[in-house]
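# An overview of the molecular structure
Spelled out from the first residue to the last, the chains are:
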Amino acid sequence: MSESHAANLASGAYPAAEPRRRKRRWPRYVFFTAAWLVAILVALAAVGILWLRSAAKAALPVLDGDIHFASQSAPALSAPVTIRRDQHGVPHIDAATQEDMFVAQGYVTAQDRLWQMDAYRRSANGELAEVMGPSLLRHDKAQRMFQFRNTAHRIYANLAPEERARYEAYARGVNLYITQHQDSLPPEFHLLHYKPQPWTGVDCISIGMMMVDMLDTHWYTKLSRERIAARLHSPKLESDLYPVGSWRDHPPTGELLDLSQPHPQPPSTSDDEDDERTQTLAVPSTDLDALRDLPGQRACDGCTPGSNNWVIAGKHTASGKPLLSNDMHLGLNVPNIWYMADLRAPGFHAAGVTLPGMPFVIAGHNEHVAWGFTALYADVQDLYIEKLDGKGNFQVADGNWHTLNVDHETIHVRGRKDVNYDVRLTNHGPLLDPVFTRDPRAIALKWALYDTTLNSIPVYALDTASNWTDFSSALSQWNWPTQNVVYSDDQGHIGYHAVGRIPLRPAGLANMPITDTAHEWQGYIPFDDMPNAFDPPSGFLATANSQVTTDKSKYPLTNEWADPYRIERIYKLLQGRDQLKPADMLAVQTDIYSEMDQELGHRLSYAIDHTANADDKLRKAADLMRSWDGHLSIDSAAASLVTRTRYTLRTMLLEPKLGKDDAEHYQWSESNFAEEEIVMHASPDWLPPAYKDWDAFLADAVRRAMKDGNAPTDVSKWNYGSWHVVDIEHPLASFLPFISRIAGTGPQPLSGDTITVKQVGLAFGPSQRFTMDWSNIDGSTEDIVLGESGNPYSPYFRDQWDDYYNGRTFALPFTPAAVAANTQHTLRLLP
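Now for a look at the structure at hand. (Residues numbered from 1 in each chain as written. Predicted model: local features only at pLDDT ≥ 70, side-chain atom pairs only at ≥ 80, totals over all residues. Heavy atoms only, no water.)

## Things to note about the overall build of the protein
Within the protein one finds 26 helices and 25 strands. By the burial criterion, 59% of the 831 residues in the protein qualify as buried. Look at the contacts in the protein between residues 6 or more apart in sequence, and 74% of them connect residues 24 or more apart. (Helix = DSSP H or I, 4+ residues; strand = E, 2+ residues; numbered from the N terminus. Buried < 20%, exposed > 50% of the residue type's maximum accessible area, 1.4 Å probe, protein only. Contact = heavy atoms within 4.5 Å.)

Written out as structure tokens, the structure reads:
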């Protein structure tokens, strides 16, 4: 460097050079990369939705014109079949022969519900993991363990040839649709990348097994009761938690009742054997939460499959003809479990709800008789603790050892290797897998369903009955599920009969797993000894899953009845009234008044009034509950207070006795009545030690309920419908959430509760509503939840939802003239 240059630098003649700054460009890269990723995802989602929309529209069925079935070795039909659809898309099938009618029923049901049918079939048979992946493996193992697929094969093989022919005709119709629409199947098949296998008559029976499982499975309560009884060490406390019937019950005897008089408390059914077992039993630490994950179990607290039905003689109706109503309470999905149809051929004409995947009309009416179902809740299952020698043998009652039967099952799992699964069986039934019970004991499930001599399914005989003699003869062949059936006919008769094969148990009903040889079954209760009535003096019969036996009944049917509140309310609304009309039936079906909740609200208000440390919010709550009319309407704050407190009380009562984990295992179909009795009688045995009296305890329960429920500061604005909602989802929504936006209802404010006549929960409630009016057969009403179609782009996908949600209904045309007057589409199926 020169001296002059150095001097210039020293003197500052040159400006000082600024240090070079490194530009921080990575945030911009991250931002733009993220933006591109979001854009790509949005574009993919848009493309996916457009593709799904295109696939769904391509799968929409042909509703008008002619469809020719390709000639085969044997013609699919003997003559043309006409299918007229009314304003709600309900098919009215008119065929020249019954065989053609069942072919058409299978075809038309597949038009609207094919993927649902396949999903039901796979669910019943334990084959969901094959198309939906490893998350369904647990479910499939359970279904294989319960032997539903094998049982369906057994039943089908033992049906009479003419009965098998009806199932085969239905299956042919399904397969004709599948064959014709290989390139336009419902979008769910495209989403899951598979095609349905051909339908068989056995598949129809498998669908029926799904319903039997849903309505007759109660064995898990025996396992949970065993554990809870061991923790309580008190027969008295156990009896409090597990009542058998109640003073509120109204068995369907048809006798005239004075509803103004209190009913006596039924005697306890606990026997010395149960008391001794309760005091001495040491139960393994089972994880019963595993059982609740099985399909068919409760969808929400207090939501047990049930129903309402009643029948009223003409002397109490405005028309002078009988009225019959039925609403069956089940889990709600997209699409609905039922499919409405009207089937007509020589010697057959019936309309009502059908079960997708099965022929016939399950519940409804024909030209002469009408009928409706509720679950009977009969005890048709027992658990037996088996003795195994570790060498593949089990000990029978006489002390001898027999070899275990082993059913080798192979479960296909999408994306993984096949899973080999062995089910071991004793002479009682399959051994429950400890994966589900978390119990090391060898526990066998005995179920009337497994009896190889029981194979009849008399639905066709019900559909074609013309009087009570025919109808009751068909009912006498009913095996499962156990049901309450009400009846009316065009001659003015009404009737009721409990049906199903219920074991005779000389040693009595067993509330827990059996460890002795005294509790073996000895046949079944004779049909004529089941509760029944025909043209009773009262002119009124009703059931709602609560107790149907009386002290005059020859045999006990179960120890686990449903809560009595729905049946009590139905009797108070209908018995003794005259000039009744169909509109009155709908008003009862949609009734949301709860006497028990109103009474509980008064008791809670009293407790707050007598609690020294009640703040302004708590006293405001008391005022709301005190003046409440007992209706669980969506705008009611008192409904929020009472129901939330009822839920909170159960936890506060059980946890001090059982601990948190075991308290969650408690389940009993009459648990709300058990809670009512404990609270309203202020039982000192149940008062938690942290409280000086019941008033302090109940007031604190209200306080906790408001806190846990995030009640607003102004509790009068805590509207029931702000948190109590119905949200019906497509079965694939948990796998593909965007489907909910297309196919689900989304959360909607929901009135009613699990103990109102309108029995409802998050995804639970009346699956249909039916009223038969013999004075106007074409004015008889029926509606389901959403609509006939399973395709979101069909006009009949959700066209019934608004009526259903708002408590309205509509007529189902039946006579040829009424069907013709209401026809919107006409399709002919040609040979």
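## Here we look at helix 5 (residues 137–145)
With seven of its nine residues buried, helix 5 lies for the most part within the structure. Taken together, the buried positions of helix 5 are occupied by Leu137, His139, Asp140, Ala142, Gln143, Arg144 and Met145.

## Observations concerning the sheet that holds strand 1 (residues 65–68)
Within the open sheet, the eleven strands sit side by side as 1-25-2-3-6-7-8-9-16-17-18. Their pairing is mixed. Here the strands that pair on one side only, and so sit at the sheet edges, are strand 1 and strand 18 (532–534). Between one strand and the next, the sheet's axes are offset by a mean angle of 15 degrees, whatever the strand orientation. Bridge count between strand 2 (residues 81–85) and strand 3 (residues 91–94): four bridges; the pairing is antiparallel. Each bridged residue has a counterpart across the sheet, and for Ile83 the counterpart in strand 3 is Ile93. Against the sheet, helix 3 (residues 98–125) touches strand 1, strand 2, strand 3, strand 6 (339–345), strand 7 (348–354) and strand 25 (825–830), its axis set at about 160 degrees to strand 6. (Pairing = 2+ DSSP bridges. Axes fitted to C-alpha atoms, helices over the stretch in contact; angles between N-to-C directions.)

## Some words on the side chain of Asp86
Looking at the element boundaries, Asp86 is found in the loop between strand 2 and strand 3. Look at Asp86: it is buried, it has no salt bridge, and the nearest opposite charge is Arg85 at 7.9 Å. A distance of 3.1 Å separates a polar atom in the side chain of Asp86 from the backbone nitrogen of Val90. For Asp86, the side chain forms a polar contact with the side chain of His92, separated by 3.0 Å. Among all residues touching Asp86, those that are not within four sequence positions of it are His92, Tyr796, Leu812, Pro813, Asn822 and Gln824. (Lys, Arg positive; Asp, Glu negative; His and termini not counted. Salt bridge = Lys/Arg side-chain N within 4 Å of Asp/Glu carboxyl O. Polar contact = N/O pair within 3.5 Å; in protein donor to acceptor, adjacent residues only side chain to side chain.)

## What to know about the packing of aromatic side chains
Per the stated rule, a full pass over the model turns up 28 aromatic pairs. Ring geometry for Phe373 versus Trp478: centroids 5.4 Å apart, planes at 35 degrees, classification tilted. Taken as a pair, Phe373 in strand 9 (residues 369–375) and Trp478 in the loop between helix 16 (468–475) and strand 16 (483–489) lie far apart in primary sequence, 105 residues in all. As far as burial versus exposure is concerned, Phe373 and Trp478 are alike and both buried. Considering the side-chain rings of Phe471 and Tyr487, the 5.1 Å spacing of their centres and the 45 degrees angle between planes classify their relative orientation as tilted. Note that Phe471 is positioned in helix 16 and Tyr487 in strand 16, a separation of 16 residues in sequence. By relative accessible area, which is 0% here, Phe471 ends up buried. Among the aromatic residues, those joined into a cluster by ring pairs are Phe102, Tyr156, Tyr167, Phe348, Phe360 and Tyr460. Just above the ring of Tyr460 sits the side chain of Arg166; from NZ or CZ to the centre is 3.5 Å. Directly above the aromatic system of Trp668 lies the positively charged group of Arg225, at a separation of 5.5 Å from the ring centroid. (Phe/Tyr/Trp six-rings, centres within 6.5 Å; stacked < 30°, edge-to-face > 60°. Lys NZ or Arg CZ within 6 Å of the ring centre and 35° of its normal.)

## Examining a nonpolar patch on the surface
On the surface, Trp36, Leu37 and Ile40 cluster together into a nonpolar patch covering about 360 Å² of accessible area. In this fold, Ile40 is placed in helix 2 (residues 26–58). We classify Ile40 as partly exposed; its relative accessible area is 43%. (Patch = residues over 30% accessible without salt bridge, like charges linked within 9 Å, V, L, I, M, F, W, Y side chains within 5 Å. Areas by Shrake-Rupley, 256 points an atom, 1.4 Å probe, with all protein chains shown as cover.)

## Re the packing of helix 21 (residues 637–663) against helix 22 (residues 671–680)
Helix-helix packing: each pair is described by the crossing angle between the helix axes and the interaxial distance. Taken N-terminus to C-terminus, the directions of helix 21 and helix 22 make an angle of 75 degrees; their axes are 11 Å apart at the nearest point. Classed by the angle they form, the pair helix 21 and helix 22 counts as roughly perpendicular. Contacts from Arg646, Leu649, Arg650 and Leu653 in helix 21 reach Ser671, Asn672, Glu675, Ile678 and Val679 in helix 22. In terms of residue class, the contact of helix 21 with helix 22 is built from four nonpolar, two polar and three charged. (Parallel < 35°, antiparallel > 145°, perpendicular 65-115°, else oblique. Nonpolar A, V, L, I, M, F, W, Y, C, P; charged D, E, K, R; others polar.)

## Observations concerning the nonpolar core
In this structure, Trp338, Phe471 and Leu829 are the most contacted members of the largest nonpolar core, which totals 167 residues. In terms of residues, this core owes the most to one element, helix 3, which gives 13 residues. Ignoring sequence-local partners within four residues, the contact set of Trp338 consists of Arg113, Met211, Met328, Leu330, Val353, Thr354, Leu355, Pro356, Ile362, Ser767, Gln768 and Ile784. Counting 47 residues, the second largest nonpolar core, distinct from the first, contains Leu618, Ala621, Ala638 and Ile678. (Core = buried A, V, L, I, M, F, W, Y, C linked by side-chain atoms within 4.5 Å.)

## A look at the pairing of strand 25
Two strands pair when backbone bridges link them, and strand 1 and strand 25 are joined in this way by four bridges, in the parallel orientation. Looking at strand 25, one finds that Gly65 is bridged to Leu827. Of the strand pairs in this sheet, strand 2 and strand 25 are connected by five bridges, and their pairing is antiparallel. Paired with Ile83 across the two strands is Leu827, which belongs to strand 25.

## A short note on the pattern of salt bridges
Where charged atoms of side chains with opposite charge meet at close range, the side chains can pair. Considering all chains together, one arrives at 43 salt bridges under this definition. Its salt-bridge partner being Asp609, residue Arg626 comes within 2.6 Å of it at the nearest N-O pair. Taken as a pair, Arg626 in helix 20 (residues 616–626) and Asp609 in helix 19 (residues 595–609) lie far apart in primary sequence, 17 residues in all. Bridged by salt links that share partners, the residues Arg248, Glu568, Lys572, Glu595, Glu599 and Glu676 form one connected network.

## Brief notes about the packing of helix 7 (residues 161–180) against helix 9 (residues 201–216)
Viewed as axis vectors pointing N to C, helix 7 and helix 9 meet at an angle of 100 degrees, and their least axial separation amounts to 7 Å. By the angle between their directions, the pair helix 7 and helix 9 is classed as roughly perpendicular. Facing Tyr167, Glu168, Tyr170 and Ala171 of helix 7, the residues of helix 9 in contact are Gly201, Cys204 and Ile205. In the contact of helix 7 with helix 9, the residues fall into five nonpolar, one polar and one charged.

## A few points about helix 3
The end-to-end C-alpha distance of helix 3 is 29 Å, clearly below the 40 Å that 28 residues give at a rise of 1.5 Å each. Helix geometry: helix 3 is bent most strongly at Arg113, by close to 95 degrees. Counting buried positions along helix 3 yields 27 of 28 residues, so the element is predominantly enclosed. Just beyond helix 3, the residue with positive phi is Gly126, at close to 75 degrees. (Expected span 1.5 Å × (residues − 1). Bend = angle between axes of the 7 residues up to and from the residue.)

## Brief notes about the environment of Ile67
Mapped onto the fold, Ile67 is located in strand 1. In this structure Ile67 comes out as buried when scored by relative accessible area, which is 11%. For the pair Ile67 and Leu829, spaced 762 residues apart in sequence, the C-alpha to C-alpha distance is 5.0 Å.

## Let's talk about the environment of Ser669
For Ser669, the position within the fold is in the loop between helix 21 and helix 22. Between the alpha carbons of Ser669 and Asn545 there is a distance of 9.5 Å; along the sequence they are 124 residues apart. Here Glu560 takes part through its side chain, which lies 3.0 Å from a polar atom of the side chain of Ser669.

## A word on unusual backbone geometry
Comment: phi is negative for the bulk of residues other than glycine, and the bulk of peptide bonds are trans. Val334 connects to Pro335 through a cis peptide bond whose omega is -5 degrees. Structurally, Pro335 can be placed in the loop between strand 5 (323–331) and strand 6. Of note in this structure, Gln147 is not a glycine but carries a positive phi near 65 degrees. Tracing the sequence through the fold places Gln147 in the loop between helix 5 and helix 6 (148–157). Taking the relative accessible area as the measure of exposure, Gln147 reaches 10% and is therefore buried. Phi at Asp535 is positive, roughly 45 degrees, even though this residue is not glycine.

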